[in-house]
Amino acid sequence: MSAAKRTRSKGVGSIYKRNGVGAWIVSWTDELGRRRTRSSRTTDRAAADRILGKFVADAALRRDGVIDQRHDRFSKEARRPLLEHVAEYVTHCERAGQAPRHVVQKQRHLERLVAFAEIARLGDLGADELEDYLAGLAERGLSARSQNFARQIAVAFLSWCVKTRRVASNPLTVVPKRDEQRDRRRVRRPLTQDELEALLSVAREHGREEWYLAAALAGLRKGDLQRLVWADVDFELGTIRICDGKAKRVDLIPMHVRLREALAALKASRPTLPTSDVFPTTVTDRTRAKDFLRAGLAKEELVLDEHGNPIRNGKSKRAGYKTRIVLEDDEGRVLDLHALRTTLGTNLARAGVAPQVAQLIMRHSDYRTTLKHYTVLGLSDAAAAIDALPIAGGDGVGRDCATLRDLGRHGTTRDDKGVERQGPSKSVEDVRLRATGTDGDAAAQLGPRPPQAADSEVEAQRIRQRLERDPAPVGAKPCEQVPTRHFAGKARKPLPDVARQAFPASPEGMGDGAAEGTRTLDIQLGKLTLYQLSYGRVSGFRGPGPGWGILWWGLAWGSGPDGAELSTPWGSWTGGRAGNQCDWRGDLDGLEVGAYISGRQVTPTRPRTTMTTKNTIAPLEKLLSDTYTLYLKTQSYHWNVTGPMFTTLHNMFEAQYTELAMAVDEIAERLRALESFAPGSFSQFKERATVKEDTTVPKATDMIANLVKDHEEVARSAKAVIEGAEKDGDDATADLGVRRTDVHDKAAWMLRSHLEG
C-alpha cells in the first residue's frame, strides 16, 4: 500500500495503485457508511484526485439529504434496456399465479409497444409513445375495447415499475380510455325462455343439458365449468363453490332447483370421486354452434369466395358446398356461451332482483358492470313496469292499462254500445297494440281463429287464454300494400302468392286475409309482438304435386294433393290438410328441427347410425406421434436455448411442451376409448410421424422457425383427424381435432411473431 493512501484519510478518501502499477484506485465511504472502491481508469494523478473528490462530495450531499437517494436508483433503472424490465414483469405475473394465456397476451402487447415506438430504455416510455401505439391499433381496425386492453396492460406495467422503485411516477395514466359504447363489435343478446328451452331440449338429446343449465342458471363461465369438481357442489346447502375463478377468489353460488336436480341425476348416472370433474369433456365452440343450429338459434349459410361464388368442399362436381354457422341476428347481436350469462343477468332484472344481489350472483366486483353489460331490457319490460303503476281513479286508457293483465284473462268489459263481453276492451287492445307500433283493422282481416283440436279440454282452454292474452296486432296491413323493409342490409320478403293459394285447402274460416298479416318476432319486445304467422316450404314431401305448411296462432296447418304425405317444420300428415299435429316425420334440409305446437314442445330425434372407426384410427395415431415428437423437440429447445431472447423463449417453450404433454395423454386416451391400442415406442412414433426430431442445437431464431413448421404440420394432422371423424360420425374425436388445430395454429402464430421485424 502506497504512502498516498495512508495520508488521505479523515473522510476525504484514499487513492493508490495496486503493486505500484496501472490505473489509480480510489476508495471512499458512501452515504450509508459502506467502504467503496473503484478504478479511476486513468494513470493521471490529478485526474484521479478530481474523480475521488466528486465521489466524496456526492456521498456528503446524499448523507446530508441535499440529494434524494431514490433518484439514483431511478436513473440507474432508466438506463437499463426496456425489454429486461418487460421480462422481469412477465416473470412477476407468472409467479403471482396469473393465467398463462393472460401472461402471454401481456408479453406480446408490451413487446409490440416497444417495437412500434422504437425505444430501448425504460426512461423513453411515455404517454406519447402509448398514444401513437393505440392509434396504430385503431388504424389496423381493432375495436375500442381491444385498444383499452392494450392500454390497460401498458399502464399496469408502469404501475409495477413504480411499486418496485424503477420509475418515480406513471406517465401513462394520462392517456384517455377509448369509448367502448360507441365502438362495440360484439354485442350479446339474451335468450328468450322459448329459445332457452329449445336449446336445452337439443342438449338433452346429446348429453349436454347440465353444461348449458350451469351457464344459464348459475352464470358459470367456460373456465368455471372446466374446473368444476364434485367437491365444489353441495347438494345439501344447494350451492356451487367457484375456486380460482376470474376474480381469484372463492365464491358460493346458490343453485336453481332445476340445476340441482340435473346435477344430482348426472352424478348418480356414473361413478364419481370428490376430485372428479363434473364435466370431463368441454363443449367446444364448434359443438355449441351445432347445438344452436339444431335449436333454431343460428342459421347455416354458404361460404363464398372473393367473387361471391360458393366454394365447394372438393374438386369433384359432386362435392358439396362449404357452409358456416352464423350466430348473429339481423342486428349483429351474437349468441355464444357467454350470452347465457347475459340471459341470467336479464332474467334477474326482470324478476325484480336488486342490482347488488344480481352482482353477487354474477360475481362482479361492481354492480354497474352487471347493469351495463349483462342486463338487456326492451319495450316489453318497460310496458310491464308501466302496467304495474297504480292509477288513481279516472276512466279511459289509464285505468285499462292498470288492469290490462286481469281484463285480458278473466275480466268482462262493456263495448261502445254498453254490451258486456269477455276479454279486454277495445281501448285496452288499442293501448297494447300501440306499444308494438301497429294499429288498424288487420285483426278483422285475419278472420276467425282455427278450431282448437286440442287433445283435451284443458289444453283447449289454455290455448284460448293465451290467444286472448296476446291478440293479433291491429292495423297490420296486407304484405303487398306495405313497402319492403330493410334491416341490417337484408330485405324482408312478403308472403308468396303460392302460400296464399294454399289457404282454400285449410280449415273453414281461414280466408285470404289470414295469410296477409305478418309480423316478425322481436327478441327484446317479447310477447308484445307475437309471431303471428310464419310460413315455409314443405320439406320431406313424398307424393305428387307441391305442398305448403302454415303456422298460424300457434297451430300447424298445411295443404297438398290428396294422398300426399307432407311434413313441415311444425308437424306432418297424410292428405290435403292437417291441424294441431304433434308428431314429426320430416327432416328440414337434413337438419334436426323442433316444433312448438299447441303450447307443447315437440323434439325430433334423428335415427342414430352405428359409428365406425375405419377413417379415424390412423389419423389419430399419426396425430399422437407428431404431438409426442414435437413435445420432445420443444423440451430440448427449452433446455438449450441461448441468446438475448433466452428468458422469453425459455418460458414460452416450457409452456408449450407442458401443454403438449397433456395433449399426448388426451389423444392416447381417445384411441383407447375407440378400442384401439395407442402406439407407445419411439420406433412406432418415428414410423408414423411427419415431424422430424432434431439432434442438433440450432440458434434461437432457427429453433423458432423449426417449431413454426412443426406446429403447422401437426395442425394438418389434426385437420385430417377432423375429416376422418366426420366421415365416421364421431363428434367427440372431431371436437378433439378442432381443439388441437386451434392450439397449434395459435402456437405457430405466436412463434412466427418473434421472427417478424
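This write-up is about the structure you can find in this document. (Residues numbered from 1 in each chain as written. Predicted model: local features only at pLDDT ≥ 70, side-chain atom pairs only at ≥ 80, totals over all residues. Heavy atoms only, no water.)

Here the focus is the overall build of the protein chain. On a plain count of helices and strands, the protein chain comes out with 27 helices and 23 strands. Expressed as a percentage of its 757 residues, the buried residues of the protein chain come to 42%. The long-range share in the protein chain, meaning contacts at least 24 apart out of those at least 6 apart in sequence, stands at 59%. Total accessible area on the protein chain stands at roughly 41,000 Å², and carbon and sulfur atoms take up 52% of it. (Helix = DSSP H or I, 4+ residues; strand = E, 2+ residues; numbered from the N terminus. Buried < 20%, exposed > 50% of the residue type's maximum accessible area, 1.4 Å probe, protein only. Contact = heavy atoms within 4.5 Å. Areas by Shrake-Rupley, 256 points an atom, 1.4 Å probe, with all protein chains shown as cover.)

To continue, consider the sheet that holds strand β2 (residues 25-29). Spatial ordering of the open sheet is given by β1-β2-β3, a layout of three strands whose pairing is antiparallel. The open sheet has two edge strands, β1 (14-16) and β3 (35-39), and neither has a second partner. The sheet shows a mean angle of 20° between the axes of neighbouring strands, taken without regard to direction. With three bridges connecting them, β1 and β2 associate as antiparallel partners. The residue bridging Y16 from the neighbouring strand is I25, located in β2. (Pairing = 2+ DSSP bridges. Axes fitted to C-alpha atoms, helices over the stretch in contact; angles between N-to-C directions.)

Another point: a positive patch on the surface. Taken together, R145, K177, R184, K246 and K372 make up a surface patch of like positive charges. Turning to its location among the elements, R145 is positioned in helix α7 (residues 144-163). R145 sits in the exposed class, given a relative accessible area of 56%. (Patch = residues over 30% accessible without salt bridge, like charges linked within 9 Å, V, L, I, M, F, W, Y side chains within 5 Å. Salt bridge = Lys/Arg side-chain N within 4 Å of Asp/Glu carboxyl O. Lys, Arg positive; Asp, Glu negative; His and termini not counted. Charge placed at Lys NZ, Arg CZ, Asp CG, Glu CD.)

On to the environment of T696. Along the polypeptide, T696 turns up in the loop between α25 (682-688) and α26 (700-728). Measuring from C-alpha to C-alpha, the distance between T696 and Y637 comes to 9.8 Å, with 59 residues separating the pair along the chain. A distance of 2.6 Å separates a polar atom in the side chain of T696 from a polar atom in the side chain of D694. (Polar contact = N/O pair within 3.5 Å; in protein donor to acceptor, adjacent residues only side chain to side chain.)

Moving on, we get to the packing of helix α4 (residues 82-95) against α7. α7 packs onto α4 with a crossing angle of 90° between their chain directions and a minimal axis gap of 11 Å. With respect to α7, the axis of α4 lies roughly perpendicular. Contacts from L82, H85, V86, E88, Y89 and H92 in α4 reach A156, F157 and W160 in α7. In terms of residue class, the contact of α4 with α7 is built from six nonpolar, two polar and one charged. (Parallel < 35°, antiparallel > 145°, perpendicular 65-115°, else oblique. Nonpolar A, V, L, I, M, F, W, Y, C, P; charged D, E, K, R; others polar.)

Once that is clear, we can look at helix α13 (residues 339-350). The end-to-end C-alpha distance of α13 is 16 Å, a good match for the 16 Å that twelve residues give at a rise of 1.5 Å each. Counting buried positions along α13 yields nine of twelve residues, so the element is predominantly enclosed. Taken together, the buried positions of α13 are occupied by A339, L340, R341, T342, T343, L344, G345, T346 and L348. Those residues of α13 hidden inside the fold are in contact with β4 (187-188), α8 (193-205), α9 (209-217), β10 (333-334), α14 (355-362) and α15 (367-373). Following α13 by one or two positions, G352 has its phi on the positive side, about 80°. (Expected span 1.5 Å × (residues − 1).)

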